[in-house]
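# Tertiary structure, described
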Amino acid sequence: MQADFIITNALIVDGTGAPAVPGHLAIRGQTIAAVGQFALPDGVPCIDARGKVLAPGFIDSHTHDDGYLLAHPDMRPKVSQGITTVVTGNCGISLAPLSARDALPQPLDLLGPPALFGFDTFADWLARLARQPAATNVIPLVGHTTLRVAVMDDTSRAATPAERSAMAALLDEAMDAGAFGISTGTFYPPASAAPTDELLDVCAPLAGRAAIYATHLRDEADAIVPAMEEALLIGRATGARVVFSHHKLAGERNHGRSRETLDLISRAAESQPVCLDCHPYPATSTMLRLDRVRLASRTMITWSQGYPEATGRDYSDVQAELGLDDDAMLARLAPAGAIYFLMDPQDVTRIFEHPLTMVGSDGLPFDPHPHPRQWGTFTHVLRRLVREERVLSLPAAIHRMTGLAAEQYGLEKRGLLRKEYHADVVLLDPETVTDLATFAAPVQQSQGIDAVWVNGELVWNGQQPSGALPGQVLKPARGAGTEVVG
């Protein structure tokens, strides 16, 4: 056997959900040369794992890292959690295709400053990532809101037939360039006026492509079921796999309804491809909106252009300080972002128990005071849901982070520790792995992730990024298998 190096004496958790087994893993070039029990060849460097867990690299099924990949290619917040692949372009917002402009409508500004935009085609952005790779692999989605902003002069109305055709053409071009599918965010103002028939018209190019339809639902509160049914209808019409993004039930009067929504997902999965992602916190984060403030038990300000002094503080404290009502507060702070404590922890746990639930951080990497999920989602799952509360076994949790996500996104030879698979690998200590990021101090890297390799190259040494940037822009396996751009 030929290998560049071998990780020895590990507990192999292979990503399938099977129990851990002791063994070694050999890497040659970008792939796994051998895994399991085998004789160690002479002259090959060995890394003694000393009984620690070796797992496939984690796949972050829901990110907004589109611009962060370019601005901070070492991807420290992600590789420090064991993440080797990120899904971008979620919630209807993607960096491309959108020409350069001085100002961005919310929520596009959640992806970063206007200077990061300026890719007229999706292919242009993918080409830049191929020329300037990051430490992680990328699964790209194109955002419906981005298409609307690119094509329409007024997004407060339904698109005209000509505008729908123009958006569909941009989506078709993006799919040809390597997009895995589209995401929608009809919850947000630039897309909330889009009726179902507009979504069906724009998404027509998904048909026949084994594509993804990921959705930040129109409503995650009282009207969540009709919103889910709309998404499932679009999935059936296009043949796309529906991904319910950051599945949640917002507001106290909806607490406990995860039983209803998960049952709907289970029944739908019997007749069409469907899955969901979730992060393990009872709070969400997005642009500052009064409807969310009024639903939340607590709101924290993550950034404010109108009143920067509010950053990192509770909305109620700032409101008392300024002596303003809600409408005046919004006008004073906007544009701004916030964290909303909206969910019942029991719903979050129940959602994680569902067999189709993947793990997605949904972090907003450019927020000055971000939600801790950007730095701690995956290690939080391993600490709290696995080690402390035993909601999931370690193999089950890792399966959701790896093999399940690779299957749902149609990745070939990724997500499992198998011979000839791509060498995306994480070495962790199951007894000490933990998140340190908190709502009060969110920018803190995790502990207990000892090493991370992406396509066979070390990107995280347990303390800091290595500086290597071996990430690849993945392409979906539409008959020919997963390839890379460039």
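Calculation rules
- Residues numbered from 1 in each chain as written.
- Predicted model: local features only at pLDDT ≥ 70, side-chain atom pairs only at ≥ 80, totals over all residues.
- Heavy atoms only, no water.
- Helix = DSSP H or I, 4+ residues; strand = E, 2+ residues; numbered from the N terminus.
- Rg over C-alpha atoms; globule rule 2.2 N^0.38 Å.
- Buried < 20%, exposed > 50% of the residue type's maximum accessible area, 1.4 Å probe, protein only.
- Pairing = 2+ DSSP bridges.
- Axes fitted to C-alpha atoms, helices over the stretch in contact; angles between N-to-C directions.
- Contact = heavy atoms within 4.5 Å.
- Parallel < 35°, antiparallel > 145°, perpendicular 65-115°, else oblique.
- Left-handed = near helix turned anticlockwise from the far one by under 90°.
- Nonpolar A, V, L, I, M, F, W, Y, C, P; charged D, E, K, R; others polar.
- Domains from an automatic or database assignment.
- Buried area = accessible area lost by both parts, 1.4 Å probe.
- Salt bridge = Lys/Arg side-chain N within 4 Å of Asp/Glu carboxyl O.
- Phe/Tyr/Trp six-rings, centres within 6.5 Å; stacked < 30°, edge-to-face > 60°.
- Lys NZ or Arg CZ within 6 Å of the ring centre and 35° of its normal.

### What to know about the overall build of the protein
- For the protein, the count of helices and strands is 16 helices and 20 strands.
- By the compact-globule yardstick of 23 Å for 486 residues, the protein fits well, its C-alpha radius of gyration being 22 Å.
- With the C-alpha coordinates of the protein rotated into their principal frame, the extents come out at 70 × 50 × 45 Å.
- Within the span of the protein, comprising 486 residues, buried residues form 62% of the whole.

### Here we look at the environment of Ala237
- With respect to the helices and strands, the residue Ala237 is situated in helix H8 (residues 224-238).
- Taking C-alpha positions, Ala237 is 31 Å from Arg292, a pair spaced 55 residues apart along the chain.

### Looking at the sheet that holds strand E8 (residues 137-140)
- Read across the open sheet, the three strands follow the order E6-E7-E8; overall the sheet is parallel. Only two strands of the sheet have a single neighbouring strand rather than two, namely strand E6 (58-60) and E8. Pairs of neighbouring strands in the sheet enclose a mean axial angle of 20°, with direction left out of account.
- Where E6 meets strand E7 (residues 83-88), three bridges bridge the pair, whose relative direction is parallel. In the strand pairing of E7, Asp60 is matched with Val86.
- Sheet strands in contact with helix H3 (residues 122-131) are E7 and E8, and its direction is about 175° off that of E8.

### Considerations on the packing of helix H9 (residues 258-268) against helix H13 (residues 345-353)
- Direction vectors running N to C along H9 and H13 enclose 20°, while the axes themselves pass 10 Å from each other. One element, H9, and the other, H13, form an angle in the roughly parallel class. Viewed along their axes, H9 and H13 form a crossing whose handedness is right-handed. Counted together, Ser258, Arg259 and Leu262 of H9 and Asp347, Arg350 and Ile351 of H13 form the full contact between these two elements.
- Its residues placed into classes, the contact of H9 with H13 shows two nonpolar, one polar and three charged.

### Here we look at the domain arrangement of the protein
- If you check the domain split of the protein, you get domain 1 (57-282 + 343-416) and domain 2 (293-336).
- On a C-alpha basis, the centres of domain 1 and domain 2 stand 27 Å from each other.
- Listed per partner, the contact involves ten residues of domain 1 and eight residues of domain 2.
- Considering only the surface of domain 1 that becomes buried against domain 2, Gln106, Pro368 and His369 emerge as the three largest contributors, covering 53% of it.

### Topic: the pattern of salt bridges
- For the coordinates displayed, the defined rule picks out 27 salt bridges.
- When the shortest N-O distance is used, the salt bridge between Asp172 and Arg209 registers 2.7 Å. In this pair, Asp172 is assigned in helix H5 (residues 161-177) and Arg209 in the loop between helix H7 (196-202) and strand E11 (212-216), connecting sequence segments 37 residues apart.
- Overall, Asp172 belongs to the partly exposed group, its relative accessible area being 32%.
- Taking the relative accessible area as the measure of exposure, Arg209 reaches 16% and is therefore buried.
- Residue Asp291 is joined to Arg292 by a salt bridge in which the shortest nitrogen-to-oxygen separation is 3.8 Å.
- Residue Asp291 is classed as partly exposed on the basis of its relative accessible area, which comes to 32%.
- The class for Arg292 is buried, based on a relative accessible area of 8%.
- Here the salt bridges do not stand alone but share partners, grouping Asp60, Asp65 and Lys78 into one network.

### Some points on the packing of aromatic side chains
- Taken as a whole, this structure holds seven aromatic pairs when the rule is applied.
- Taking 5.1 Å as the distance between ring centres and 80° as the angle between the ring planes, the aromatic pair formed by Phe187 and Tyr188 counts as edge-to-face. For the pair formed by Phe187 and Tyr188, the shared burial category is buried.
- Taking 6.1 Å as the distance between ring centres and 85° as the angle between the ring planes, the aromatic pair formed by Tyr281 and Phe439 counts as edge-to-face. Taken together, the positions of Tyr281 in the loop between strand E13 (274-278) and strand E14 (283-287) and Phe439 in the loop between strand E18 (425-428) and strand E19 (449-454) put the pair 158 residues apart, joining distant regions of the chain. Assigned by exposure class, Tyr281 and Phe439 land together as buried.
- One aromatic cluster in this structure is built from Tyr281, Phe341 and Phe439.
- The positively charged end of Arg289 is found above the aromatic ring belonging to Phe187, 3.8 Å away from the centroid.

### Examining the sheet that holds strand E16 (residues 336-341)
- On the basis of which strands lie adjacent, the open sheet formed by three strands has the order E14-E16-E15 and antiparallel pairing. If you trace the sheet from one side to the other, it starts and ends with E14 and strand E15 (298-304), each paired once. Averaged over all pairs of adjacent strands, the angle between their axes in this sheet comes to 20°, without regard to strand direction.
- Bridging between E15 and E16 involves six bridges; their strand directions are antiparallel. What sits directly across from Arg298, in E16, is Phe341.

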